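# Working through the structure, step by step
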Amino acid sequence: QAKEQGGSMYTIYSLLSQNDEHKQLMLENDLRDALETDQLLLHYQPVIDLETGLLKSFEALVRWKHPKLGLVSPAEFIPVAERSMLINDIGTWVLETACRQVKEWHAVNSDIGLAVNVSIRQFRNPQFPDLVKDVLEITEYPAHLLILEITESMMQDDWESIRIIDEIRTLGVKWAIDDFGTGYSSLSKLAFLPIDYLKIDRSFTMEMLTHPPMQSIVQTIIDMGRNLDMELIAEGIEEAGQSLLLQHYGCQFGQGYLFSKPLPAEEIEQAYCLTTLMKVH
Ligand code: C2E
Ligand code: MG
Ligand code: MG
Ligand code: MG
């Protein structure tokens, strides 16, 4: 009887996973069209200097306007793209589109930086360093104003990761560790990574005021980053109190809904006066 029950459980399970797989396949097929039919777009979220309140850079965040499903979150389709290798094409599109856009804004403010998320498949693609170089050339985007974001779990304990980071760094490009503090990684790894920025994960920022022991953790991350000559960016700042405390601990930069949600380029241009008079079309 137990076997029978197990059997029916298995049937239910396989039905569920089949549906799941079906959904994945459907998304994968749709995603293939998405690039060619302009369904992907970028939103930009400002990164702010917490002390001066001035704009430092934008993080480009990809969006998918699915013809039937509406707006699909990158948290949902980036993993699909990763499994299907579409991520290389999508990643290149994101990098090139964002560089072109911010390069345009440089006509008004030539100091604005740009952060672009890089997934593990892109990072491990042997052509990635050349690809970054090509995009910088084609778009004439200044390398020193580009930040590539990777998560700590992507960094295996190997010299290959360090070599890739270094190779792209020689172009002048900066590197950030995204979502810091949430991945599985040993702190010793950090001592070997040539990284310019640590991004404190949103989960720390979120709980700082409601759970005071979290303040000690955040303070320690900031001190460690600074001692390693890295600059700190706090993610997910939603309240002024969080911003003040982070600044007090020595975190220089922050992003979050307190300052702005990620916005389409047109809205960013209006909010930050980035339209050029010459642009009449
Ligand atoms: P991430 O790189 O850590 O980006 C930050 C996420 O936090 C974004 O979600 C952003 O909208 C959200 N966020 C920013 N400020 C706040 C806040 O104050 N409160 C809250 N609750 N959320 C905030 P989003 O845009 O949905 O992106 C999710 C993740 O998808 C990103 O996390 C990144 O890992 C990935 N992603 C997005 N765009 C790309 C891309 O072009 N390429 C790759 N490989 N991954 C991407
Ligand atoms: Mg990011
Ligand atoms: Mg992040
Ligand atoms: Mg995050």
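Predicted model, so just to flag it, every value in this text is computed and none were measured.

### Here's the deal with the packing of helix 2 (residues 74-84) against helix 3 (residues 86-105)
Where helix 2 meets helix 3, the closest approach of the two axes is 5 Å, and the angle between their N-to-C directions is 120°. With respect to helix 3, the element helix 2 is oriented oblique. When helix 2 is examined against helix 3, the residues Ile78, Ala81, Glu82 and Ser84 are found in contact with a partner set consisting of Leu86, Ile87 and Ile90. Of the residues in the contact of helix 2 with helix 3, the class split is five nonpolar, one polar and one charged.

### Brief notes about the coordination of the magnesium ion (ligand 2)
Within the protein, Glu59 (OE), Asn117 (OD1), Glu149 (OE) and Asp178 (OD) serve as the donor atoms for the magnesium ion (ligand 2), at 2.0 to 2.2 Å. Look at where the donors of the magnesium ion (ligand 2) fall in the sequence and you get E-x57-N-x31-E-x28-D.

### Section: the coordination of the magnesium ion (ligand 3)
Ligation of the magnesium ion (ligand 3) by protein atoms is provided by Asp178 (OD), Asp179 (OD) and Glu235 (OE), these donors lying 1.7 to 2.4 Å from the ion. Sequence positions of the residues that donate to the magnesium ion (ligand 3) give the spacing D-D-x55-E. Here the magnesium ion (ligand 3) and the magnesium ion (ligand 2) are spaced 3.7 Å apart, and both take aspartate 178 as a donor. Here aspartate 178, found in strand 6 (residues 174-180), pairs with glutamate 235, found in the loop between strand 8 (231-234) and helix 10 (240-249); they are 57 residues apart in sequence, far enough to count as distant. As far as the burial class goes, aspartate 178 and glutamate 235 line up, both buried.

### Looking at the nonpolar core
Generally speaking, soluble globular proteins have nonpolar side chains that are buried together. Residues Tyr44, Leu146, Leu148 and Leu246 are the most contacted members of the largest nonpolar core, which totals 72 residues. If you tally residues by element for this core, the top one is helix 3, at nine residues. In this structure, Val47, Ala115, Ile147 and Ala176 belong to the second largest nonpolar core, which totals seven residues.

### With respect to the site of ligand 1
Arg63, Asn117, Asp178, Glu238 and Tyr257 are the nearest of the 22 residues found near ligand 1. The contact in question runs from a nitrogen atom of ligand 1 to an N or O atom on the side chain of glutamine 45, over 3.0 Å. The separation between an oxygen atom of ligand 1 and a polar main-chain atom of tyrosine 257 is 2.8 Å. Expressed as a share of its isolated accessible area of 810 Å², the protein-covered part of ligand 1 is 82%. When atom positions are compared with the pocket grids, ligand 1 is found to occupy the largest pocket.

Conventions used here
- Residues numbered from 1 in each chain as written.
- Chains lettered and ligands numbered in written order.
- Predicted model: local features only at pLDDT ≥ 70, side-chain atom pairs only at ≥ 80, totals over all residues.
- Heavy atoms only, no water.
- Axes fitted to C-alpha atoms, helices over the stretch in contact; angles between N-to-C directions.
- Helix = DSSP H or I, 4+ residues; strand = E, 2+ residues; numbered from the N terminus.
- Parallel < 35°, antiparallel > 145°, perpendicular 65-115°, else oblique.
- Contact = heavy atoms within 4.5 Å.
- Nonpolar A, V, L, I, M, F, W, Y, C, P; charged D, E, K, R; others polar.
- Donors = N, O, S within 2.8 Å, 3.2 Å for Na, K, Ca; no water.
- Buried < 20%, exposed > 50% of the residue type's maximum accessible area, 1.4 Å probe, protein only.
- Core = buried A, V, L, I, M, F, W, Y, C linked by side-chain atoms within 4.5 Å.
- Near = heavy atom within 4 Å.
- Polar contact = N/O pair within 3.5 Å; in protein donor to acceptor, adjacent residues only side chain to side chain.
- Areas by Shrake-Rupley, 256 points an atom, 1.4 Å probe, with all protein chains shown as cover.
- 1 Å grid on protein atoms, 1.4 Å probe; cavity = no way out; pocket = protein on both sides within 12 Å on 5 of 7 lines; lining within 4 Å.
- Sits in = over half its atoms within 2 Å of the grid points.

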